[in-house]
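Chain and residue survey
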Amino acid sequence: MEGALGLMRRMPPKHTETALSALLSLLPHHSSDLLSQVDQPLQILHDVDSGKEFILCEYNRDADSYRSPWSNKYHPPLEDAPYPTSELRNLEIEANDIFAIYRDQ
């Protein structure tokens, strides 16, 4: 495990995903330790409906789909997906607008 973590520290960030996948196949009994200790680059998905990108994370994930904060749709589409209440969705839209203003300034 110590050697695997040392290897991951020396790995260029663009190869993190491939190297981590290889280590997980070699050390399946250490998978939870590796996944919790190795930082992975953020992944981004393009929302076709809004034309904007959004970050894939645990907060907008359900099963293998991710909800876009821009269009409020899951990618790929998901049946019986949980959606925020209308009040929470309005706050999300307002927060996105405020962050866009902040980013532009």
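Note that the coordinates shown come from a computational prediction; the quantities given were computed from them, not determined experimentally. (Residues numbered from 1 in each chain as written. Predicted model: local features only at pLDDT ≥ 70, side-chain atom pairs only at ≥ 80, totals over all residues. Heavy atoms only, no water.)

Let's talk about the pairing of strand β1 (residues 43–47)
- Here β1 runs beside strand β2 (residues 52–56); their pairing, made up of 5 bridges, is antiparallel. Bridged to H46 within β2 is E53.
- The turn joining β1 and β2, which pair antiparallel and follow one another in sequence, is formed by 4 residues; a positive phi near 80° is taken by G51. (Pairing = 2+ DSSP bridges. Helix = DSSP H or I, 4+ residues; strand = E, 2+ residues; numbered from the N terminus.)

A short note on helix α4 (residues 86–104)
- In a regular helix each residue adds 1.5 Å, so 19 residues correspond to 27 Å; α4 covers 27 Å between its end C-alpha atoms and thus fits that length.
- Restricting attention to buried positions, one finds in α4 the residues R89, E92 and N96. Buried residues of α4, viewed axially, fall in a sector of 50°; they line one side. Turned more than 90 degrees away from the buried face of α4 sit E87 and Y102, all of them exposed.
- Elements in contact with the buried residues of α4: β4 (65–67). (Expected span 1.5 Å × (residues − 1). Buried < 20%, exposed > 50% of the residue type's maximum accessible area, 1.4 Å probe, protein only. Arc of directions from axis to C-beta. Contact = heavy atoms within 4.5 Å.)

Re unusual backbone geometry
- Between H75 and P76 the backbone carries a cis peptide bond, its omega angle lying at -10°.
- Considering the arrangement of structural elements, one finds P76 in the loop between β5 (74–75) and α4.
- At A63, a position not held by glycine, the phi torsion is positive, near 55°.
- Its place among the elements puts A63 in the loop between β3 (61–62) and β4.
- One non-glycine residue, N72, adopts positive backbone phi at about 65°.

Here's the deal with the sheet that holds β4
- Reading across from one edge, β3-β4-β5 is the order of the 3 strands in this open sheet, with antiparallel pairing throughout. Two strands close off the open sheet at either side, each with one partner strand: β3 and β5.
- Sheet topology places β4 next to β5; 2 bridges connect them, and they run antiparallel. By the bridge assignment, R67 is partnered in β5 with Y74.

Structural notes on the pattern of salt bridges
- Under the counting rule described, the total for this entry stands at 5 salt bridges.
- The shortest N-O distance in the salt bridge between E58 and R61 comes to 3.3 Å.
- Among the residues examined, R61 registers a relative accessible area of 35% and is labelled partly exposed.
- Between R67 and E92 there is a salt bridge; the shortest N-O distance is 2.8 Å. Highlighted residues: R67 in strand β4 and E92 in helix α4, separated in sequence by 25 residues. Per residue, the accessibility class of R67 equals that of E92, and both read buried.
- Taken together, the shared-partner salt bridges in this structure form one network comprising R67, R89 and E92. (Salt bridge = Lys/Arg side-chain N within 4 Å of Asp/Glu carboxyl O.)

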